[in-house]
Amino acid sequence: MESTYDIFSEINMIRKKGFLAIMAIFLILLPLSLPSLAQSSSSGKVLKADLIFGPDENLDPAYKYTGWYMHEAGIYETLYSLDQDMNLVPTLATGYDQVSDTEYRIHLKEGVLFHDGTPLDADAVVYSLERVMDSSNSRHGEYDFIESVKADDDLTVTIKTKEAHSPTISSLVDPLVSIVKPDADLNSTPVGTGPFKFMSFKKDVSLEVTRNDDYWGEKPKLDGAILFFVTDPMTRAMQLEGGDVDIALGIPQTEYKNLDEKSGIEVLSAVTLRDNILYLNTKKAPLDNPLVRKAINHAIDRQEIVDTALEGVGGVPAIGMFSSDNPWSANEDINPYEFDTAKAKELLAQAGITDIDNDGWLDFQNKPLEFTIKTYTSRSENKPSAEVVAAQLEKIGIKTGVEVVESGAFSSDMTDGNYDLALGSFNTGTTGDPDYALAMHFDSTGSYAKQTGYSNPDVDEWMEKARTTFDQDERGDYCKQVQMQAYEDSPEITLFYLNVLVGQSEKVDGFVMYPSSEINFLTPELSLED
């Protein structure tokens with residue numbers, strides 16, 4: 001019998017051979033479909049980059065997660081940000097005074113200009129925050145802890161919270177609360193304060209920016225950039241190899257060695273704060289039974305996923321939500337689910353799931369137990385990881401298939417509960433505060449908890465206590481309790497901590513791989529050498 005590794009190697013080889021023929025035609029037609037590329041490149045040092053995701057027709061940073069893409073493009077900035085070591089640092093702010101447990105006075109940088117030359121002031125900050133707090137915003141619940149925002153003078157803003165809320169300043173890192181010019185047409189013509197100014201946008205194709213010569217910080221070294229939105233991982237790899245782009249994010253793990261051995265190309269690898277997660281729909285039987293969820297945990301060999309689906313270079317086997325080098329991690333306190341198929345079958349038997357007709361498949365409610373793992377392909381690691389997990393579940397007698405959909409459909413199906421198991425990913429370090437990830441996933445009011453159906457009163461209580469205390473050690477204890485309980489309850493299973501793979505031409509200099517890599521890309525330091 002062939003090993004799992006051999007099977008998946010053959011699948012990858014067949015997929016790649018078929019893909020090469022398609023790509024040969026695609027690369028010939030690419031210059032014809034993107035005439036602005038050649039025109040822009042001839043005018044100066046314009047970086048060409050392949051990104052994984054991009055905005056839809058709405059470019060407003062307060063619209064869903066569009067702020068991530070606009071921040072990535074260097075157009076918008078926030079009051080605070082995270083440096084390379086995940087330290088919270090002021091960006092458009094100079095600092096803050098905590099007046100009381102519920103009041104923060106934030107001081108703004110002087111001399112900052114929006115891209116149209118209008119000075120940044122407190123009114124713009126108030127506008128930028130209040131529109132996110134408005135009930136019409138789909139993500140307003142993430143900022144419903146704020147009672148009011150007011151301008152004290154031109155360069156001072158006071159944020160008042162409804163109760164003590166220790167993650168308040170960290171929450172100002174999220175690109176959702178990017179600072180925008182109040183009277184701009186934000187849907188189609190972004191106007192921010194960042195090192196690059198908006199030029200043009202083609203939905204599902206590209207976003208062009210040019211240098212902001214009036215930038216308040218270090219002057220950008222690039223004249224501009226063209227960011228291409230390429231959802232297919234192999235296409236990104238082929239365009240980098242063919243010299244069509246200078247840098248490509250999300251290189252497929254299967255292409256790591258090939259590209260790294262090419263003259264003039266370097267592949268960078270770094271651990272990120274992004275988890276790959278298997279979500280379990282606890283609103284569906286038998287996944288509403290904790291025994292079944294624990295059995296699935298024991299049936300999954302995380303090391304095999306890393307070695308096979310990720311080619312040994314794309315990640316690290318996970319335990320809990322936060323990797324062990326994260327100061328908020330509870331991994332040392334968690335008793336991990338060991339890979340143990342016998343234990344998995346034992347737990348399923350306790351849940352009443354056995355092979356009643358001796359056909360080799362486990363039965364539930366008098367028919368074979370069958371799951372479908374839903375995922376999307378724009379992240380190269382998703383589909384092969386789902387295929388490995390499916391094979392592992394079949395080894396314990398659970399019929400398991402894999403369904404691949406577009407990322408938008410994946411999100412909709414998660415929200416609508418239209419899934420059994422769903423494999424996706426999540427950046428746990430967006431704001432640098434543990435509340436961001438833990439609240440979304442394990443607080444019963446969190447967006448992901450609603451999708452999985454998870455609710456635990458103890459977890460809700462610990463989350464509330466962690467938010468309302470300012471003692472960091474005490475907060476850490478509560479956050480660890482949340483992680484340990486959620487790990488025990490298993491509404492979701494963290495499979496691995498992702499290593500991001502970025503391929504770049506030797507001409508690229510100054511690219512920095514931030515742990516929260518999706519938020520930071522076009523920075524003033526990035527340049528193209530002759």
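Residues numbered from 1 in each chain as written. Predicted model: local features only at pLDDT ≥ 70, side-chain atom pairs only at ≥ 80, totals over all residues. Heavy atoms only, no water.

Caption draft 1: Inspection of the overall build of the protein chain at higher detail. The number of helices and strands found in the protein chain is 15 helices and 21 strands. For the protein chain, whose C-alpha radius of gyration is 24 Å, the value lies close to the compact-globule estimate of 24 Å for 530 residues. Along the first, second and third principal axes, the C-alpha set of the protein chain runs to 75 × 60 × 35 Å. Taken across its 530 residues, the protein chain has 56% of its residues classed as buried. (Helix = DSSP H or I, 4+ residues; strand = E, 2+ residues; numbered from the N terminus. Rg over C-alpha atoms; globule rule 2.2 N^0.38 Å. Buried < 20%, exposed > 50% of the residue type's maximum accessible area, 1.4 Å probe, protein only.)

Caption draft 2: Looking closely at the packing of helix α12 (residues 434-442) against helix α15 (residues 472-489). Where α12 meets α15, the axes come as close as 11 Å, and the angle between the chain directions of the two elements is 35°. Two packed elements cross with a definite hand, and for α12 against α15 that hand is left-handed. Residues Pro434, Asp435, Leu438 and Phe442 of α12 form the contact with α15, whose own contacting residues are Arg475, Cys479, Val482, Gln483 and Ala486. Classifying every residue of the contact of α12 with α15 by side-chain character gives 6 nonpolar, 1 polar and 2 charged. (Axes fitted to C-alpha atoms, helices over the stretch in contact; angles between N-to-C directions. Left-handed = near helix turned anticlockwise from the far one by under 90°. Contact = heavy atoms within 4.5 Å. Nonpolar A, V, L, I, M, F, W, Y, C, P; charged D, E, K, R; others polar.)

Caption draft 3: Structural view of the confidence of the model for the protein chain. Residue-level pLDDT values for the protein chain average 91, and 91% of them are 70 or greater. This model gives residues 1-43 a pLDDT under 50, and the stretch forms 45 contacts once residues within four places in sequence are excluded. (pLDDT = per-residue confidence, 0-100.)

Caption draft 4: Fine view of the pairing of strand β10 (residues 224-229). Of all 6 residues that make up β10, 6 are buried, and the element is covered over most of its length. Here β10 shows no split at all, with Gly224, Ile226 and Phe228 on one side and Ala225, Leu227 and Phe229 on the other all buried. In the sheet, strand β1 (residues 46-51) pairs with β10 via 6 bridges, with the strands oriented parallel. Within β10, the residue paired with leucine 51 across the bridge is phenylalanine 229. Inspection of the sheet shows strand β9 (residues 206-211) paired to β10 by 5 bridges, in the antiparallel sense. Within the sheet, the bridge partner assigned to leucine 207 lies in β10 and is leucine 227. (Pairing = 2+ DSSP bridges.)

Caption draft 5: Geometry of the sheet that holds strand β6 (residues 146-153). Taking strand neighbours across the sheet as the criterion, the 4 strands line up as β4-β5-β7-β6 in an open arrangement whose pairing is antiparallel. Every other strand in the sheet has two partners, leaving β4 (93-100) and β6 as the edge strands with one partner each. If you compare each strand with its neighbour and ignore which way they point, the axes differ by 20° on average. Judged from the 5 bridges that link them, strand β5 (residues 103-108) and strand β7 (residues 156-161) form a sheet pairing that is antiparallel. Directly across from histidine 107, in β7, lies its bridge partner threonine 156. Along the sheet, helix α4 (residues 122-133) contacts β5, β6 and β7; its crossing angle with β6, the most-contacted strand, is approximately 170°.

Caption draft 6: Examining the nonpolar core more closely. The biggest cluster of nonpolar side chains holds 94 residues, and the ones touching the most others in it are Leu47, Leu79, Leu207, Leu227, Phe511, Phe521 and Leu522. In this view, phenylalanine 521 contacts Leu47, Ala49, Leu51, Glu72, Leu227, Ile247, Leu249, Phe511 and Leu526; residues no more than four positions away in its chain are not counted. In terms of nonpolar packing, the next biggest core, distinct from the first, is built from 35 residues, Ile296, Ile300, Leu369 and Val389 among them. (Core = buried A, V, L, I, M, F, W, Y, C linked by side-chain atoms within 4.5 Å.)

Caption draft 7: Highlighting the pairing of β7. In terms of burial, β7 is a largely internal element, 5 of the 6 residues being buried. Taken together, the 6 bridges between β6 and β7 define a ladder with antiparallel strand orientation. Looking at β7, one finds that aspartate 153 is bridged to threonine 156. What sits between the antiparallel neighbours β6 and β7 is a turn of 2 residues.

Caption draft 8: Representation of the environment of aspartate 435 in the model. As for its position among the elements, aspartate 435 is in helix α12. On the basis of relative accessibility, which here comes to 11%, the residue aspartate 435 falls in the buried class. Apart from residues no more than four positions distant in its own chain, aspartate 435 is found in contact with Pro167, Met440, Met463, Arg467 and Arg475.

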